[in-house]
Amino acid sequence: MAVTTQLTWMQEKSLQNCLGGKQFSLLYKASVHGFLDQYLLQRCSNQGPTITVIYSEKYIIGAYVKDSYEKRNKGSVIFFAFERTQNSEFEIRLFKTCTNGQSTVRDCKNTLYYGNDDLYLYIYAQYIEMKHSTTKKIGLPPGHISFQECEVFRCEDLLNERKINMVTALRESLLSDVRTYNPRGGLIHQIRILLLGPIGAGKSSFINSVKSVFRGHVTNQSVMGFDTKQFRTYSIKDGKDGNPLPFTLCDSMGLGEKQQGLCMQDIVYILKGHIPDRYQISGNETEMPKPASWLEERSSIHAQCQPPFHTDQHLVLQPVHWAAAPPRALPEGTTLNQNFNSVKPITPSHLNYIDSPLLKDRIHCVAFVLNANTVGNLSYEMVANIKRIRREVIKCGVVQVALLTHVEDLHLITKADLIDPYKCMPVKFKVEAVHREFGFPLSDILVVSNYTSEWELCLMKDVLILSSLKQMLWAADDFLEDLPPEGTDGILKRPTSVIPNV
């Protein structure tokens, strides 16, 4: 049976951060290994830096020793104490002292002495005594304090050389997996992943982060900090050889509440591949209908807008290219624009509408991007809107995942925690909250840390970004595998009706 600590995750993490980012490995537990100092020394000597944790009824008290037990040289000891509370809020009080040539921990007559005799640990009798000046500095009452448990941990850097080598190897493996990925069945060459989410959730940042990983340096091609007004598709190129990678990331306007932001009909058209790249999504003006005939439209424009001139008594029309043609006369009070918006979505009669999209034009995976710091504060309207969109995505047969961003900003999370953030309690709480609120399976909730203010790449961030991307590609394979026979011929029939906005 594994020996476990009494420290909660929050207590252990707070202590680790106070000591500069350490990892604790339990060496000795008095209730298991015995309440004798020789048992403690047998298990904890020559282990390098250690932390001793003592559990009284009201307090948790301890000492961090940078040198091994019994090592006789000048060293330092950090004493700490905090109250045992039911909630997650507590203050750790620290006091550092240096020894003067004597061991930082000494054993004498069944007693362990820490520092300059600042702490006396009587393991067999199960109580401690401290100097009055030391107790005052760490906020403890004077006198001896009884305890019920004592634990000693070996302390190592969270990012030691072994872990860095392990993460580096994992990053190279993930890069290879993504570079060599082939969509299932060979039906298409690139997977199209659509990013949806509230404004500021991190959609554009994720695109930039993916680009950065494959280019080998931080880049910001996709504009961040503003709501995207175009439907954009980004074919990512491999910085190693310049070849396009087997996926395309699609960005669009942020989701809003009720009638704000990207509307339901537009999302359905995007999913089905009817919307071209660089298509404007925002505007409050009248859309231009698609001409029935290019020649007929050009003749109409010439007749209305181009003054004729005479040469040899013959009426000649000046040649005008369609793209440069002046606008037609419109009803009074309206203006010309090729945009569509959440109030008046694109329609099949629009000039840039793609009538018969191919399978490669469709969206094969949808990632709902959510900010881990604000996901619990989304309004009722926003939550309801995301749920409606999820239902429509399901109707279209497209697979979907949740992408939880900004996890590095959660309380107590450090860069070293990004090696495996799913073990961190704050991240677990957020993942479970997304699962309860939106119904995503836990395995479909991916965690990332985007590049937002960094100048250099980070191994841990790269691994999270690549891991999430790999999961999206696998999800897209499920979509391709589930396609009906008529959906694999490359051509999708034009819908007879549009799902109404609800």
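Our structure's up above, just so we're on the same page.
Below, the structure is looked at part by part. (Residues numbered from 1 in each chain as written. Predicted model: local features only at pLDDT ≥ 70, side-chain atom pairs only at ≥ 80, totals over all residues. Heavy atoms only, no water.)

1. Some thoughts on the overall build of the protein
Thought 1: Helix and strand counts for the protein stand at eleven helices and 22 strands.
Thought 2: Looking at the protein residue by residue over its 502 residues, the buried ones come to 50%.
Thought 3: Within the protein, counting contacts between residues at least 6 apart in sequence, those at least 24 apart form 69% of the total.
Thought 4: Of the accessible surface of the protein, which amounts to about 24,500 Å², a share of 51% is contributed by carbon and sulfur atoms. (Helix = DSSP H or I, 4+ residues; strand = E, 2+ residues; numbered from the N terminus. Buried < 20%, exposed > 50% of the residue type's maximum accessible area, 1.4 Å probe, protein only. Contact = heavy atoms within 4.5 Å. Areas by Shrake-Rupley, 256 points an atom, 1.4 Å probe, with all protein chains shown as cover.)

2. What to know about the pairing of strand β4 (residues 76–83)
Thought 1: Taken across its eight residues, β4 has seven buried, putting it largely inside the fold.
Thought 2: Relative to β4, strand β3 (residues 59–65) runs antiparallel, the two sharing seven bridges. By the bridge assignment, Ala 63 is partnered in β4 with Phe 79.
Thought 3: Pairing between β4 and strand β5 (residues 93–98): six bridges, direction antiparallel. Residue pairing in the sheet places Ser 76 in a bridge with Cys 98 of β5. (Pairing = 2+ DSSP bridges.)

3. Let's talk about the nonpolar core
Thought 1: Ile 193, Phe 214 and Phe 247 are the most contacted members of the largest nonpolar core, which totals 88 residues.
Thought 2: Examining the composition of this core, we find that twelve residues originate from one element, helix α11 (residues 459–481), more than from any other.
Thought 3: In this structure, Phe 247 is in contact with Val 178, Gln 190, Ile 191, Val 210, Phe 214, Tyr 234, Ser 235, Ile 236, Leu 469 and Leu 473, ignoring residues within four places of it in sequence.
Thought 4: Counting 31 residues, the second largest nonpolar core, distinct from the first, contains Leu 40, Tyr 69, Phe 79 and Leu 140. (Core = buried A, V, L, I, M, F, W, Y, C linked by side-chain atoms within 4.5 Å.)

4. Observations regarding the packing of helix α7 (residues 264–271) against helix α9 (residues 380–395)
The axes of two packed helices give the description: the angle between them and the distance between them.
Thought 1: Interaxial distance between α7 and α9 falls to 11 Å at its minimum, and their mutual angle equals 35 degrees. Of the two possible hands of crossing, α7 and α9 adopt the one that is right-handed. Contacts from Met 264, Ile 267 and Leu 271 of α7 reach α9 at Arg 388, Ile 389, Glu 392 and Val 393.
Thought 2: When the residues that make up the contact of α7 with α9 are grouped by side-chain class, the tally is five nonpolar, no polar and two charged. (Axes fitted to C-alpha atoms, helices over the stretch in contact; angles between N-to-C directions. Left-handed = near helix turned anticlockwise from the far one by under 90°. Nonpolar A, V, L, I, M, F, W, Y, C, P; charged D, E, K, R; others polar.)

5. Comments concerning unusual backbone geometry
Residues apart from glycine generally show negative phi values, whereas peptide bonds are mostly found in trans.
Thought 1: In this model, Asp 117 sits at a positive phi of 55 degrees, which is unusual for a non-glycine residue.
Thought 2: Mapping Asp 117 onto the fold places it in the loop between β7 (111–114) and β8 (119–122).
Thought 3: For Asp 117, a relative accessible area of 27% gives the class partly exposed.
Thought 4: The backbone phi angle of Leu 412 is positive, close to 75 degrees, even though this residue is not glycine.
Thought 5: Here Leu 412 shows up in the loop between β21 (399–405) and α10 (425–438).

6. Details of helix α3 (residues 37–44)
Thought 1: Residues Asp 37, Leu 40, Leu 41 and Cys 44 constitute the buried set of α3. Taken around the axis of α3, the buried residues stretch over an arc of 95 degrees, which confines them to a single face.
Thought 2: Backbone geometry just after α3 places Asn 46 at a positive phi near 55 degrees. (Arc of directions from axis to C-beta.)

7. Re the packing of aromatic side chains
Thought 1: A full pass over the atoms with the stated rule returns eight aromatic pairs.
Thought 2: Consider the rings of Phe 82 and Phe 90, whose centres lie 5.0 Å apart with planes at 25 degrees: the pair is stacked.
Thought 3: On the basis of relative accessibility, which here comes to 0%, the residue Phe 82 falls in the buried class.
Thought 4: On the basis of relative accessibility, which here comes to 22%, the residue Phe 90 falls in the partly exposed class. (Phe/Tyr/Trp six-rings, centres within 6.5 Å; stacked < 30°, edge-to-face > 60°.)

8. Topic: the sheet that holds β4
Within a beta sheet, neighbouring strands are joined by backbone hydrogen bonds and run either parallel or antiparallel to one another.
Thought 1: Taken in spatial order, the six strands of this open sheet run β1-β11-β2-β3-β4-β5, and their pairing is antiparallel. Each of the sheet's edge strands pairs with one partner strand only, and the pair in question is β1 (22–29) and β5. Strand-to-strand twist across the sheet, computed as the mean angle between neighbouring axes with direction ignored, equals 20 degrees.
Thought 2: Helix α1 (residues 9–18) contacts β1, β2 (50–55), β3, β4 and β5 of the sheet and is inclined by roughly 120 degrees relative to β1.

9. As for the layout of surface pockets
Thought 1: Of the volumes computed, that of the largest pocket is approximately 480 Å³.
Thought 2: Lining the largest pocket are 16 residues; nearest its centre among them are Gln 23, Leu 158, Lys 163, Asp 417 and Lys 423.
Thought 3: A total of four residues in the lining of the largest pocket trace back to one element, the largest contributor, which is α1.
Thought 4: Per-class residue counts for the lining of the largest pocket are seven nonpolar, two polar and seven charged. (1 Å grid on protein atoms, 1.4 Å probe; cavity = no way out; pocket = protein on both sides within 12 Å on 5 of 7 lines; lining within 4 Å. Points joined across faces, edges and corners; volume = space filled by probe spheres on them.)

10. Notes on the pattern of salt bridges
Thought 1: Evaluated as defined, the whole model comprises 14 salt bridges.
Thought 2: The closest approach of N and O atoms between Arg 171 and Glu 172, which form a salt bridge, is 3.1 Å.
Thought 3: Residue classification places Arg 171 among the buried positions, given a relative accessible area of 13%.
Thought 4: When salt bridges with common partners are traced through the structure, they connect Lys 29, Glu 149 and Glu 151 into a single cluster. (Salt bridge = Lys/Arg side-chain N within 4 Å of Asp/Glu carboxyl O.)

11. Description of the sheet that holds strand β14 (residues 244–251)
Thought 1: With mixed pairing, the seven strands of this open sheet are ordered in space as β15-β13-β14-β12-β20-β21-β22. The open sheet terminates on both sides in strands that have one partner only, identified here as β15 (279–280) and β22 (445–447).
Thought 2: Where strand β12 (residues 191–196) lies against β14, four bridges are found, and the strand directions are parallel. Paired with Ile 193 across the bridge in β14 is Leu 249.
Thought 3: Across the sheet, α9 is in contact with β12, β20 (365–371) and β21; its angle to β20 comes to roughly 165 degrees.

12. Quick notes on the packing of helix α5 (residues 161–179) against α11
Thought 1: Here α5 crosses α11 at 35 degrees, and the two axes come no closer than 9 Å. Relative to α11, α5 is oriented so that their crossing is left-handed. Note on element contacts: α11 touches α5 through Leu 459, Met 460, Asp 462, Val 463, Leu 466, Ser 467, Leu 469, Lys 470 and Leu 473, opposite Ile 164, Val 167, Thr 168, Leu 170, Arg 171, Leu 174, Leu 175, Asp 177 and Val 178.

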